[in-house]
Amino acid sequence: MRKTARWITTHRKYVVIGWVLLLFAVNVFAQSAGTSYSNNFTLPGSDTQRAADLLQSSFPAQAGDRDTIVYKVSSGTVLDPAVRARMEAMFAKVARLPHVAAVISPYARAAAGKAISANGQIAFATVVFDEKANLLPQGAPERVVKVAKEAAISDPTQPLQVELGGQAIEMTEQAGFGVSTAVGLLAAIVVLLLTFGSLIAMGLPIVTALFGLGTGLGAIALFTHVVDTPNFSSELAAMIGLGVGIDYALFILTRFREAYRTPGPTFGDSRESVIQAVDTAGRAVLFAGLTVVIALLGMMVLGVEFLYGVAISASIGVLLVMLASLTLLPALLTIAGAKVARPSRRARRRQAREQVAQADAPARTQATDEQALAAGETPHAGAAWLRWSAFVQRRPLTIAICATAFMLLIAAPAIALRLGSSDASNDPANQTTHRAYELLAQGFGEGFNGPLLIVAKVPNPRRQAAEQGVDLIVPPNGGKASVEKLRAAIAATPGVVSVAPAKFNPTNEVATITVYPKSSPQAYATTRLVSQLRGHVVPPLEAGGAMTVYVGGVTAGAIDFAAVLDHKLPLFVGVVVLLSALLLLIVFRSLVIPLQAAIMNLLSISAALGVIVLIFQWGWFGSIFGVQQGPIESFIPVMLFAIVFGLSMDYEVFLISRMHERWTHTREHSRSVAEGLALTGRVVTAAAAIMVCVFLSFMLGENRVIKEFGLSLAAAVLLDAFVVRCLLLPAVLHLVGERTWWLPPWLERALPRMNIEGTVLPADAERDKRSREGATPPSPGAGAHPRPGVATEGAEG
């Protein structure tokens, strides 16, 4: 790292110019190529996927996405000649649009009375596309929306409300996240100003994060042409990248200011201070950033293609803001130099007062936190944190029990977690998909917003006999009779409101039946209905090879998706936890630290799940946050675990690395815990405050998924930083004592070595300086040699 830092500081202007060109080039290419987002819920082996595959091969006319055009008249009925002529003309125009396979009009004979409400004021037509929603080009549903909306305004004398719903239509309702990002940035600026009291010191983390994030978003836009990427991926990447980008820059900047002010080789030398900051905090940033990326990419082990694009997009965002913090920020710090390290006005006024009060010891007022600790004194900035650590040290058992109980109380609602997919009722009220949902529910019932698609494959005895060279007399409509029997059995199932007539492919071997449940798509009753059909209604009719039946459609697909993730989540959790624990074991050479980190990170994640269950699933305080009651999106726990586990590791690494650094030099455990917290408590809580503000700002958007992410991440970071890291972690370490740093000798020898504490530590520099001056070491432990296996000096990088 030192060699890299020296090269960056030497070629600082080229590094800055390189980042400017990279940002410009990536975004120019992204702008010219456009984006190709797609919500691909491919689930190999599921009933839904088998139904889709069968339709694609044997009944392609029914294989595409099905969306609805819902309309309502304010007076009269939809059967009035003028209304009917107007709507039929619009249906015919939509049917001629590219990628539209058919439009099923409510006035058609097969749909007569089925697609018109009882009062005659609401009706709906079904638009059948030739591809699934995730495979359709963006312009296809947009043209349908435009043509349908024109019918509403074509005759001002006859008021007509026209709305559209369905997965393809959802693609046209992409909400931007500019306001959320701006609010998050503003909040970060306020926190940084309060932390540093300097506009320049505040601006550098913001600029660094924006360069990394801007490049990352451009790269993600290009990436959408390579892998199926959900439409919320950029927003999620922006949320995570902005938070971690500012935090990573903040950690390096803080270490730079500390090195610049510490008497020794780096005192007053911008370049050497930058090199030391990159060599110490930069190592921790690199380790923490790679841990986040590993946790995100760990979602690939789930084997769910829908999550591949999400995981890689978020990883791209984190990776680029991390690289910006490790390259662009050091270059800018070398250029800005003393202006960044200059104390704030408040600090300068405090120093002036101390110089007047202590005229006999002027040097002491210039001591930094690190220097004061090395001399056995209390640092100014860390005094409050030393007092806090002393408070925890006096009552570690009580604090550990209370903090754990508090976290478990918040996590308790997570036991009732119900995964699913929120329907259009949770869309913003100003979107046409939400209004279409309301009209359908008003005219026909909520179940009409999420019909099930039954796909039946009927054996053709005549074809089988012909292939075998045997003449066989087959009763007419034998296959259709079996399908009709299936249709009657489904219609008699509790929870089913209506069953449409079966539709057969040209060879009469594949039939589709549209089933309308009584309950909404996101309701638990609909999940039970799907299980009832698959487990009890369909199997008796399949007996003897009469036919093969699959329960599919968008609603059933969402249920299958939740089941798959619920089944694979333990494997994912185990892989990420074990890999992260192994990394911590190698870095800190301790058995306690990895175990403690795994348990406490899981505690933070569980508490975050409890918070979103309370608000999004149970509906508590829903009006405050602008959300409605519904299930938690199926992929939220997986994504939340990957992201929060990585972010929690950030704070774990920054805190434990300073504690371990102090332990290496003092060999006094309690003092190491106290001093490590004193040196990092302020910057960690400031970083957490920035993340919380950034994540909460995304609650201002309209996308329910992003709101769930924003609130869950904000809750997790808040609880992790202020309860777990400031209370539970020091309390547990005080209880464990020196055993925290114990490792069996045989394991010590077997493990590879990884140094994230830097080549030259501040205490080393101070010790060497005192040795050159012939001074006595400030404390018995300050000059102790590092224990075997922990590299603190030696070769660069």
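Residues numbered from 1 in each chain as written. Predicted model: local features only at pLDDT ≥ 70, side-chain atom pairs only at ≥ 80, totals over all residues. Heavy atoms only, no water.

Student: Would you take a moment to explain the overall build of the chain for this structure?
Tutor: The helix and strand tally for the chain stands at 28 helices and 11 strands. For the chain, with 797 residues in total, the buried portion stands at 56%. Sequence separation of 24 or more characterises 81% of the internal contacts of the chain that already satisfy a separation of 6 or more. (Helix = DSSP H or I, 4+ residues; strand = E, 2+ residues; numbered from the N terminus. Buried < 20%, exposed > 50% of the residue type's maximum accessible area, 1.4 Å probe, protein only. Contact = heavy atoms within 4.5 Å.)

Student: Would you explain the sheet that holds strand β3 (residues 122-129) in this entry?
Tutor: Sheet architecture is open: four strands sit in the order β2-β3-β1-β4, paired in antiparallel fashion. With one partner strand each, in any of the chains shown, β2 (100-104) and β4 (160-165) form the two edges of the open sheet. Ignoring which end each strand starts from, the neighbouring axes of this sheet average 20 degrees apart. Here seven bridges tie strand β1 (residues 66-73) to β3, and the two strands are oriented antiparallel to one another. (Pairing = 2+ DSSP bridges. Axes fitted to C-alpha atoms, helices over the stretch in contact; angles between N-to-C directions.)

Student: What's the story with the nonpolar core in this structure? I'm lost.
Tutor: For soluble globular proteins, the rule of thumb is that nonpolar side chains tend to be buried together. Within the largest apolar cluster, 158 residues are counted, with the highest numbers of intra-cluster contacts made by Met-299, Phe-635, Tyr-651, Phe-695 and Phe-709. Broken down by element, the residue count for this core peaks at 19 residues, all from helix α26 (residues 704-736). Once residues lying within four places of it in the same chain are set aside, the contact partners of Phe-709 are Phe-232, Leu-236, Met-239, Phe-635, Ile-636, Met-639 and Leu-640. (Core = buried A, V, L, I, M, F, W, Y, C linked by side-chain atoms within 4.5 Å.)

Student: Help me understand a nonpolar patch on the surface, please; the structure alone is not making it clear to me.
Tutor: On the surface, Leu-290, Ile-294, Leu-319, Leu-323, Leu-579 and Leu-582 cluster together to form a nonpolar patch covering roughly 440 Å² of accessible area. With respect to the secondary-structure elements, Leu-579 resides in helix α21 (residues 554-588). (Patch = residues over 30% accessible without salt bridge, like charges linked within 9 Å, V, L, I, M, F, W, Y side chains within 5 Å. Areas by Shrake-Rupley, 256 points an atom, 1.4 Å probe, with all protein chains shown as cover. Salt bridge = Lys/Arg side-chain N within 4 Å of Asp/Glu carboxyl O.)

Student: Looking at this structure, I do not really get the pattern of salt bridges. What am I missing?
Tutor: For the structure on display, the rule yields 18 salt bridges. The salt bridge involving Arg-2 is made with Asp-279; its shortest N-O contact spans 3.6 Å. Of this pair, Arg-2 sits in helix α1 (residues 2-10) while Asp-279 sits in helix α10 (residues 270-297), and the two are 277 residues apart along the sequence. Of the two residues examined, Arg-2 and Asp-279, each falls in the buried class. Note that Asp-560 is salt-bridged to Arg-534, the shortest N-O span being 2.6 Å. Of this pair, Asp-560 sits in helix α21 while Arg-534 is found in helix α20 (residues 524-542), placing the two residues 26 residues apart along the sequence. The class for Asp-560 is buried, based on a relative accessible area of 9%.

Student: Which parts of the structure should I look at to understand the environment of Ala-556?
Tutor: Looking at the secondary structure, you find Ala-556 in helix α21. Residues Ala-556 and Gln-49, 507 residues apart in the sequence, show an inter-C-alpha distance of 10.0 Å. Leave out the neighbours within four places in its chain, and Ala-556 touches Thr-48, Leu-452, Arg-534 and Val-551.

Student: What is the right way to read the packing of aromatic side chains from this model?
Tutor: Where two aromatic rings form a pair, the distance of their centres and the angle of their planes describe that pair. As enumerated under the stated definition, the model contains 12 aromatic pairs in all. With a centroid separation of 5.1 Å and 90 degrees between ring planes, the pair formed by Phe-124 and Phe-444 is classed as edge-to-face. Residue Phe-124 is found in strand β3, and its partner Phe-444 is found in the loop between α17 (432-443) and β6 (452-457); the two are separated by 320 residues along the sequence. Relative accessible area serves as the criterion here: at 15%, Phe-444 is assigned to the buried category. The structure contains a cluster of three or more aromatic residues connected by ring pairs, namely Phe-124, Phe-444, Phe-448 and Tyr-516. (Phe/Tyr/Trp six-rings, centres within 6.5 Å; stacked < 30°, edge-to-face > 60°.)

Student: Hey, could you run me through the confidence of the model for the chain in this one?
Tutor: When pLDDT is averaged along the chain, the result is 79; 83% of the residues meet or exceed 70. The least confident element of the chain is helix α28 (residues 762-773), whose mean pLDDT is 45; the most confident is helix α16 (residues 396-411), at 93. Within the model, pLDDT remains below 50 along residues 760-765, and this stretch shows 19 contacts once partners closer than five positions in the same chain are excluded. (pLDDT = per-residue confidence, 0-100.)

Student: In this structure, what is going on with the pairing of β6? I would like to understand it.
Tutor: Regular strands have side chains that alternate between both faces of the sheet. A large share of β6 lies buried, amounting to five of its six residues. In terms of strand pairing, β6 meets strand β9 (residues 510-517) through six bridges, oriented antiparallel. Among the inter-strand pairings, Leu-453 is bridged to a residue of β9, identified as Thr-514. Judged from the five bridges that link them, β6 and strand β10 (residues 548-552) form a sheet pairing that is antiparallel. Paired with Ile-454 across the bridge in β10 is Val-551.

Student: Just checking my understanding: could you explain the pairing of β4 for this structure?
Tutor: The buried count for β4 comes to five of six residues, which makes it a mostly enclosed element. The pairing of β1 with β4 spans six bridges and is antiparallel. In the strand pairing of β4, Thr-68 is matched with Gly-165.

Student: Looking at this structure, I do not really get helix α9 (residues 233-261). What am I missing?
Tutor: Because an α-helix packs 3.6 residues into every turn, residues spaced three or four apart end up facing the same way. A rise of 1.5 Å per residue sets the reference length of α9, with its 29 residues, at 42 Å; its end C-alpha atoms lie 42 Å apart and thus fit the reference within 8%. Counted residue by residue, α9 has 27 buried out of 29 residues, so it is predominantly covered. (Expected span 1.5 Å × (residues − 1).)

Student: What exactly am I supposed to notice about α1 here?
Tutor: When α1 is considered as a whole, its buried residues turn out to be Arg-2, Ala-5, Ile-8 and Thr-9. Looking straight down α1, one finds that the buried residues subtend no more than 125 degrees of arc, so they occupy a single side. In this fold, the buried residues of α1 make contact with α2 (12-33), α10 and α11 (305-336). (Arc of directions from axis to C-beta.)

Student: When you look at the side chain of Thr-433 in this model, what are you seeing that I'm missing?
Tutor: Examined against the element boundaries, Thr-433 turns out to sit in helix α17. Take Thr-433: its relative accessible area is 2%, and that puts it in the buried class. Beyond its immediate sequence surroundings of up to four residues, Thr-433 is in contact with Leu-164, Gly-165, Ile-169, Glu-170, Glu-173, Ala-424 and Asp-427.

Student: Explanation requested: the side chain of Asn-426 in the structure shown.
Tutor: Following the sequence through the fold, Asn-426 ends up in the loop between β5 (419-420) and α17. Asn-426 has contacts with Gln-522, Gln-628, Gln-629 and Arg-704, leaving out every residue within four places of it along the chain.

Student: Honestly, the packing of helix α8 (residues 199-223) against α9 in this entry has me stumped. Any pointers?
Tutor: When two helices pack together, their arrangement is given by the angle between the helix axes and the distance between those axes. Running from N to C, α8 and α9 point in directions that differ by 145 degrees, and their axes come no closer than 8 Å. The chirality of how α8 crosses α9 is right-handed. Facing Ala-201, Pro-205, Ile-206, Thr-208, Ala-209, Leu-213, Leu-217 and Ile-220 of α8, the residues of α9 in contact are Ser-234, Ala-237, Ala-238, Gly-241, Leu-242, Gly-245, Ile-246, Ala-249, Leu-250, Leu-253 and Arg-257. The residue inventory of the contact of α8 with α9, partitioned by class, reads 14 nonpolar, four polar and one charged. (Left-handed = near helix turned anticlockwise from the far one by under 90°. Nonpolar A, V, L, I, M, F, W, Y, C, P; charged D, E, K, R; others polar.)

Student: Please clarify how the environment of Thr-9 should be interpreted in this entry.
Tutor: Considering the arrangement of structural elements, one finds Thr-9 in helix α1. Taking the relative accessible area as the measure of exposure, Thr-9 reaches 0% and is therefore buried. Separated by 322 residues in the primary sequence, Thr-9 and Ala-331 place their C-alpha atoms 5.5 Å from one another. Residues contacting Thr-9, with those up to four places away along its chain left out, are Arg-271, Val-274, Ile-275 and Thr-334. In this structure the side chain of Thr-9 is engaged in a polar contact, spanning 3.0 Å, whose partner is the backbone oxygen of Arg-6. (Polar contact = N/O pair within 3.5 Å; in protein donor to acceptor, adjacent residues only side chain to side chain.)

Student: What exactly am I supposed to notice about unusual backbone geometry here?
Tutor: Among all residues except glycine, the phi angle is most often negative; among peptide bonds, the trans geometry is most common. At His-99, a position not held by glycine, the phi torsion is positive, near 70 degrees. Note on placement: His-99 falls in the loop between α4 (81-95) and β2. The partly exposed category is assigned to His-99, whose relative accessible area is 29%. Non-glycine residue Asn-508 carries a positive phi angle of around 60 degrees.

Student: What should I look at first to understand the environment of Pro-159 in this one?
Tutor: By the secondary structure assignment, Pro-159 is in the loop between α5 (139-153) and β4. Residue classification places Pro-159 among the partly exposed positions, given a relative accessible area of 44%. In sequence terms Pro-159 and Lys-72 are 87 residues apart; their C-alpha atoms lie 8.9 Å from each other. When residues no more than four places from it in sequence are discounted, the contact partners of Pro-159 are Val-73 and Ser-74.

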